[in-house]
Amino acid sequence: MTTTKTPLRVIYIGARVVGRRCLDALLSTDAEVVGLLYLDDALAGMTVAHETFDDLIAHHRLRAKSFRSLRDLELVSWVEMLQPDVGVVIGVSQLIDEALLQVPRLGFIGMHPTLLPEGRGRAPIPWALIKGLERTGVSLFWCEAGADTGPLLDQREVPIYYEDTAAILGARTDVVAAELLIEAAGALSRGEVRRIPQDESKATTWPKRRPEDGQIDWSWPGRRIYDWVRALTHPYPGALAEVDGKRLNVWACRESDDQRTSAPGTILDVLPHGLLMACGDGAVLLTEFERQTEGFPE
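Right, let's walk through the structure included here. This structure is a prediction, so every number in the text was calculated from the model and none was measured.

Turning to the pairing of strand E7 (residues 135-142), a few remarks are in order. Taken across its 8 residues, E7 has 7 buried, putting it largely inside the fold. In this structure, strand E5 (residues 108-112) lies alongside E7, joined through 4 bridges in antiparallel fashion. Within E7, the residue paired with Gly 110 across the bridge is Phe 141. In the sheet, E7 pairs with strand E8 (residues 152-159) via 7 bridges, with the strands oriented antiparallel. When the sheet's bridge partners are listed, Gly 137 is paired in E8 with Glu 157.

With that out of the way, let us pick up the sheet that holds strand E4 (residues 86-90). Ordered in space as E3-E2-E1-E4-E5-E7-E8, the 7 strands form an open sheet in which the pairing is mixed. This sheet does not close on itself; its edge strands, each paired only once, are strand E3 (64-67) and E8. Here the strands of the sheet are splayed against their neighbours by 20° on average, with no regard to which way each runs. Lying over the sheet, helix H3 (residues 74-82) contacts strand E1 (9-14), strand E2 (32-39) and E3, oriented at roughly 165° with respect to E2.

It is worth spelling out the sheet that holds strand E10 (residues 239-243) at this point. Strand order across the open sheet formed by 5 strands is E10-E11-E14-E13-E12, with antiparallel pairing between neighbours. Each edge of the sheet is formed by a strand with only one pairing partner; in this case those strands are E10 and strand E12 (267-271). Shown here is a sheet whose adjacent strand axes are inclined to one another by a mean of 45°, direction ignored. Note that strand E13 (residues 274-279) and strand E14 (residues 282-291) share 5 bridges and pair antiparallel. Within E14, the residue paired with Met 277 across the bridge is Val 284. Those strands touched by helix H7 (residues 222-232) are E10, strand E11 (246-256), E13 and E14, and its axis lies near 120° from that of E11.

Moving on, we come to the pattern of salt bridges. Here the structure, examined in full by the defined rule, presents 19 salt bridges. With a shortest N-O distance of 3.7 Å, Asp 40 and Arg 68 are connected by a salt bridge. Linking Asp 40 in the loop between E2 and helix H2 (54-60) with Arg 68 in the loop between E3 and H3, this pair joins segments that are 28 residues apart in sequence. In this structure, the salt-bridge partner of Glu 192 is Arg 190, at a minimum N-O distance of 3.2 Å. Looking at Glu 192, the relative accessible area reads 40%, which means it is partly exposed. Residue classification places Arg 190 among the exposed residues on the basis of a relative accessible area of 54%. Several salt bridges share partner residues, and in doing so they unite Arg 20, Glu 51 and Asp 55 into one network.

With that out of the way, let us pick up the packing of aromatic side chains. Taken as a whole, this structure holds 3 aromatic pairs when the rule is applied. Between Tyr 162 and Tyr 226, the ring centres sit 4.6 Å apart and the planes meet at 20°, which makes this aromatic pair stacked. Highlighted residues: Tyr 162 in the loop between E8 and helix H6 (166-189) and Tyr 226 in helix H7, separated in sequence by 64 residues. On the basis of relative accessibility, which here comes to 9%, the residue Tyr 226 falls in the buried class. The ring of Trp 127 carries the charged tip of Arg 209 above its face, separated from the ring centre by 4.9 Å.

Turning next to the packing of helix H1 (residues 16-26) against H6. The N-to-C vectors of H1 and H6 enclose an angle of 35°; their axes lie 9 Å apart at closest approach. Judged by the twist between their axes, the crossing of H1 over H6 is right-handed. Only Ala 171, Asp 174, Ala 177, Ala 178, Leu 181, Ile 182 and Ala 185 of H6 make contact with H1, whose side of the interface consists of Val 17, Val 18, Arg 21, Cys 22, Ala 25 and Leu 26. Taken together, the residues of the contact of H1 with H6 break down into 11 nonpolar, no polar and 2 charged.

On to unusual backbone geometry, then. The linkage connecting Leu 116 with the following residue, Pro 117, adopts the cis geometry, with an omega of 15°. Structurally, Pro 117 can be placed in the loop between E5 and strand E6 (120-121). Note that the residue after His 234, namely Pro 235, is joined by a cis bond; omega there is 10°. Along the polypeptide, Pro 235 turns up in the loop between H7 and E10.

Basis of the calculations
- Residues numbered from 1 in each chain as written.
- Predicted model: local features only at pLDDT ≥ 70, side-chain atom pairs only at ≥ 80, totals over all residues.
- Heavy atoms only, no water.
- Buried < 20%, exposed > 50% of the residue type's maximum accessible area, 1.4 Å probe, protein only.
- Helix = DSSP H or I, 4+ residues; strand = E, 2+ residues; numbered from the N terminus.
- Pairing = 2+ DSSP bridges.
- Axes fitted to C-alpha atoms, helices over the stretch in contact; angles between N-to-C directions.
- Contact = heavy atoms within 4.5 Å.
- Salt bridge = Lys/Arg side-chain N within 4 Å of Asp/Glu carboxyl O.
- Phe/Tyr/Trp six-rings, centres within 6.5 Å; stacked < 30°, edge-to-face > 60°.
- Lys NZ or Arg CZ within 6 Å of the ring centre and 35° of its normal.
- Left-handed = near helix turned anticlockwise from the far one by under 90°.
- Nonpolar A, V, L, I, M, F, W, Y, C, P; charged D, E, K, R; others polar.

Right, here's the structure in full:
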């Protein structure tokens, strides 16, 4: 005798490239996406790597609604009507209102691109590079009122390579996030619900970053400047630098073995392939830069 398995009913909340990629992956499974809440396109200018969901909505005939704030209580009744088993929220920096958290039968699953409880909070991809880490990760967790504090479902380590920028590392963690979500959806549909408490003794929190936080200090070692620039390059607004009285956005640089020395922040040479700058332990070569522009979206 064959038993019929009821598809997992999912309410999905998404934003950014990672939110779209993970939704696309989820739609390839047996899960039933009964509704989609997506970040209003009017907020695109305030969001790094904003992505439209229009094509997925049209192709899969999704019941969808845009949102500006997940604290909007009107969303609660809309989600209640859909009777979801579980919620998924990916690519959204806002916290979900407590009333909305309670609607899905199993709760909401969130994704954070670090090895929680390490690196809770904002800007996890830039911070991992700024800190010069050799590995980060992707964590799926059960959402609570706090940020990134709930029990874990799954977690996978992701390597960080010397050449990685924020965009390259973010693309790598996006792929892992989609893979973990597919695996989690399969497990939940089989009734396998994992809730592994986070070890609070190992918790760290990384703060939100603002444009003014991107200023290069030329007294830093070359490696720190290199990590700083690759963390804040596209899709972020670039590292900021004062060079010969001019304010620059620095998009790319590299460590240099040039033996010339001078006071940090001095232009050592203007070369065909970049601007050689004195720093705390030698020199760095600025290979891509322009006059500063304003704005640092979240």
